[in-house]
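Architecture at a glance
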Protein chains: 2
Amino acid sequence: MTFSEENYLKSIYSLQKDSPKGVSTTILAQYLESKPASVTEMIKKLDEKGLVLYQPYQGVLLNKNGELVALKVIRKHRLWETFLAKKLDFSWDEIHDVAEQLEHIKSDKLIKELDRFLGFPTHDPHGDPIPDEQGNVIKVEKKQVSQLVPGDTGTCVGVNDTSSSFLQFLDQQQIKLGTVIEIMHLQDFDKSMTVRIDGRELLLSQIATENIYVKF
Amino acid sequence: MTFSEENYLKSIYSLQKDSPKGVSTTILAQYLESKPASVTEMIKKLDEKGLVLYQPYQGVLLNKNGELVALKVIRKHRLWETFLAKKLDFSWDEIHDVAEQLEHIKSDKLIKELDRFLGFPTHDPHGDPIPDEQGNVIKVEKKQVSQLVPGDTGTCVGVNDTSSSFLQFLDQQQIKLGTVIEIMHLQDFDKSMTVRIDGRELLLSQIATENIYVKF
DNA sequence: AAATAAGTTTAGGCAAACCTAAAAAATATA
DNA sequence: TATATTTTTTAGGTTTGCCTAAACTTATTT
Ligand SMILES: [Mn+2]
Ligand SMILES: [Mn+2]
Ligand SMILES: [Mn+2]
Ligand SMILES: [Mn+2]
């Protein structure tokens, strides 16, 4: 399994939720910052290796094998993110890029020991669940803040956008995992929301409310 | 800097101590488990990049630039080895292979934080000094056990051979860093030595005594 | 000094993972 | 349904890092 193959499988895993009948080469290429022609080549290879289902012109989907490999890479990614945030003083907007490299280190013992060292965490610093060794993922009951209505209250359990700029914005607003958000008002024309957090009132744009997940 | 380039520089660094007028392509190829022709290609590239001094047929040496890069990779390798041994319950014969992968992760912040997390260690689990950020290495006063004579006493400060089999042998004999070794007798015909460790007497072959370093 | 042996470089290839441009297929539009 | 547009694949290149075999240089023998 090369770095590149692992990245393809991980990307297909993420994208196939929104494209359940097949991830197109264009979308995959966009996601991987490469070109459709390159994607076609690689998914043909992954198909021959028995990791994906590929039908020309119809897109690609992971099979059981491929999904397990993808989940193992995601497990490593999220364990490393947890390590960086909990043990090394990285902030949650800095961990992703380094974890993109660390997730490809090959050593079963390493990941087992890291898991133990971190106290068998169930979620990473962005609130995403960490798959277990067998590839089982805890499904989290969560809603976007944008789906709540005035009067509702939710507790932040994760984010969708994990870009530095968004995470830094959340830090500025003192929104983190566990933060309680109460919806005060919905501005009709732009879907922005006035919310209350720790007594403070603040305005969140639609983009923001769509990228914050809460449980309730 | 690719993984391969980093491995070449690291290898030249190790080999040039014993070949001060130039590391030959054959020796480098052997060390890297590749072929002389491949080595020639790569050192030409490293020469063009201004990292080594290469004269056809005369071997290769690191210049200041290349040495600094090599030392930074070695620093990362040894910090990761320390992490694996101190924090993750790896034994000293298991750490090297994983560190060979981890040493190529690119992140200044990561290595700085790791260093702090480990308490700024000066030596790795094999007794080798960890270069600082500027590439300075502490020179350790050390002798091979084979250089001692009966009556001498030394404290183990490192090993030369870091193969699993040798390190596991040392574990079996309960020889580790800090172990005090007293030379009792030198067998003339095969240069094996009878030594005393914690009251126990045991016989070490010449190969063994040449691969254990002590200070005295 | 000449011949032989050993070590090194050059030449020509290969696989992985990219790319651009052209061809082919699928989809949308008139 | 025929045509135009978009998407996807195929064909042909490039770069990196490796290989073998042949050519060349240096070192060692006779
Ligand atoms: Mn991430
Ligand atoms: Mn994450
Ligand atoms: Mn090592
Ligand atoms: Mn070491």
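Treat the numbers as computed from the prediction; the structure is a model and nothing was measured. (Residues numbered from 1 in each chain as written. Chains lettered and ligands numbered in written order. Predicted model: local features only at pLDDT ≥ 70, side-chain atom pairs only at ≥ 80, totals over all residues. Heavy atoms only, no water.)

**Digging into the coordination of the manganese ion (ligand 4)**
For the manganese ion (ligand 4), the full set of protein donor atoms is Glu81(B) (OE), Asp124(B) (OD) and His126(B) (ND1), and the range of their distances to it is 2.1 to 2.3 Å. One chain supplies every donor for the manganese ion (ligand 4), spaced along it as E-x42-D-x1-H. (Donors = N, O, S within 2.8 Å, 3.2 Å for Na, K, Ca; no water.)

**Describing the coordination of the manganese ion (ligand 3)**
Residues and elements named next belong to chain B. Around the manganese ion (ligand 3), the donor atoms from the protein are His77 (NE2), Glu81 (OE) and His96 (ND1), and they sit 2.0 to 2.1 Å away. Within one chain, the residues serving as donors to the manganese ion (ligand 3) are arranged as H-x3-E-x14-H. Metal-to-metal, the separation of the manganese ion (ligand 3) and the manganese ion (ligand 4) is 3.5 Å; Glu81 coordinates the two. Placement of Glu81 in helix H4 (residues 64-87) and of His96 in helix H5 (residues 95-102) is noted, with a sequence separation of 15 residues between them. Judged by relative accessible area, Glu81 falls into the buried class, the value being 2%. (Helix = DSSP H or I, 4+ residues; strand = E, 2+ residues; numbered from the N terminus. Buried < 20%, exposed > 50% of the residue type's maximum accessible area, 1.4 Å probe, protein only.)

**Let's talk about the protein's contact with DNA strand D**
Near DNA strand D, the surroundings consist of 21 residues, among which Thr26(A), Tyr54(A), Thr2(B), Ser38(B) and Lys45(B) are the closest. Within 4 Å of the protein, atoms of DNA strand D come from sugar and phosphate in 78% of cases. Taking Tyr57(B), its side chain carries an N or O atom lying 3.3 Å from a sugar or linking oxygen of DNA strand D. Elements represented by at least two residues in the surface near DNA strand D include exactly helix H2 (25-31) and helix H3 (36-48) of chain A together with helix H1 (3-15) and helix H3 (36-48) of chain B. At five residues, the largest contribution of residues to the surface near DNA strand D is made by H3(B). In terms of residue class, the surface near DNA strand D is made up of nine nonpolar, eight polar and four charged. (Near = heavy atom within 4 Å. Polar contact = N/O pair within 3.5 Å; in protein donor to acceptor, adjacent residues only side chain to side chain. Nonpolar A, V, L, I, M, F, W, Y, C, P; charged D, E, K, R; others polar.)

**Observations concerning the interface of chain A and chain B**
Facing the 22 residues of chain A at the interface are 22 residues of chain B. With both sides pooled, the region where chain A packs onto chain B buries about 1,800 Å², and carbon together with sulfur makes up 71% of that total. If you sort the residues of chain A by the area they bury against chain B, Leu88(A), Gln101(A) and Lys109(A) come out on top, with a joint share of 25%. Linking chain A to chain B there are two salt bridges. The residue Glu94(B) makes a salt bridge to Lys109(A) at a minimum N-O spacing of 3.1 Å. For the pair chain A and chain B, the number of links is four residue pairs in polar contact (both at pLDDT 80 or more). Those elements that provide at least two residues to the side of chain A that touches chain B are helix H4 (64-87), helix H5 (95-102) and helix H6 (108-117) of chain A. Among the elements that take part in the side of chain A that touches chain B, H6(A) stands out by supplying six residues, more than any other. Among the residues making up the side of chain A that touches chain B, the classes are represented as 12 nonpolar, three polar and seven charged. (Contact = heavy atoms within 4.5 Å. Buried area = accessible area lost by both parts, 1.4 Å probe. Salt bridge = Lys/Arg side-chain N within 4 Å of Asp/Glu carboxyl O.)

**Things to note about the sheet that holds strand E3 (residues 143-144) of chain B**
All names here are of chain B. One open sheet accounts for six strands, arranged E3-E8-E4-E5-E6-E7; its pairing is antiparallel. Strand pairing shows two members of the sheet lacking a second neighbour, E3 and strand E7 (200-204), which therefore form its edges. Relative to E7, strand E6 (residues 193-197) is paired through five bridges, and the arrangement is antiparallel. When the sheet's bridge partners are listed, Val195 is paired in E7 with Leu202. (Pairing = 2+ DSSP bridges.)

**Some details on unusual backbone geometry**
As a rule of thumb, non-glycine residues mostly have phi less than zero, and peptide bonds are mostly trans rather than cis. All names here are of chain A. Residue Tyr57 is not a glycine yet carries a positive backbone phi of 70°. Along the chain, the position of Tyr57 falls in the loop between strand E1 (52-55) and strand E2 (59-62). The exposure class assigned to Tyr57 is exposed, which follows from its relative accessible area of 84%.

**Comments concerning the packing of aromatic side chains**
Think of a pair of aromatic rings as described by two things: how far the centres are apart, and how the planes are tilted against each other in angle. Per the stated rule, a full pass over the model turns up 10 aromatic pairs over all chains. Ring geometry for Trp80(A) against Trp80(B): centres 6.2 Å apart, planes inclined by 85°, an arrangement best described as edge-to-face. Of this pair, Trp80(A) sits in helix H4 while Trp80(B) sits in helix H4, placing the two residues on different chains. Ring centres of Trp80(B) and Phe83(B) lie 5.7 Å apart, and the angle between their planes is 80°; this geometry places the pair in the edge-to-face category. Taken together, the residues span about one helical turn, with Trp80(B) and Phe83(B) both in helix H4 at a distance of three residues. Summarising the burial analysis for this pair, Trp80(B) and Phe83(B) share the class buried. Clustering of aromatic rings is evident, with ring pairs tying together Trp80(A), Phe83(A), Phe117(A), Trp80(B), Phe83(B) and Phe117(B). The residue whose ring lies beneath Lys87(B) is Phe117(B), and the NZ or CZ to ring-centre distance is 4.6 Å. (Phe/Tyr/Trp six-rings, centres within 6.5 Å; stacked < 30°, edge-to-face > 60°. Lys NZ or Arg CZ within 6 Å of the ring centre and 35° of its normal.)

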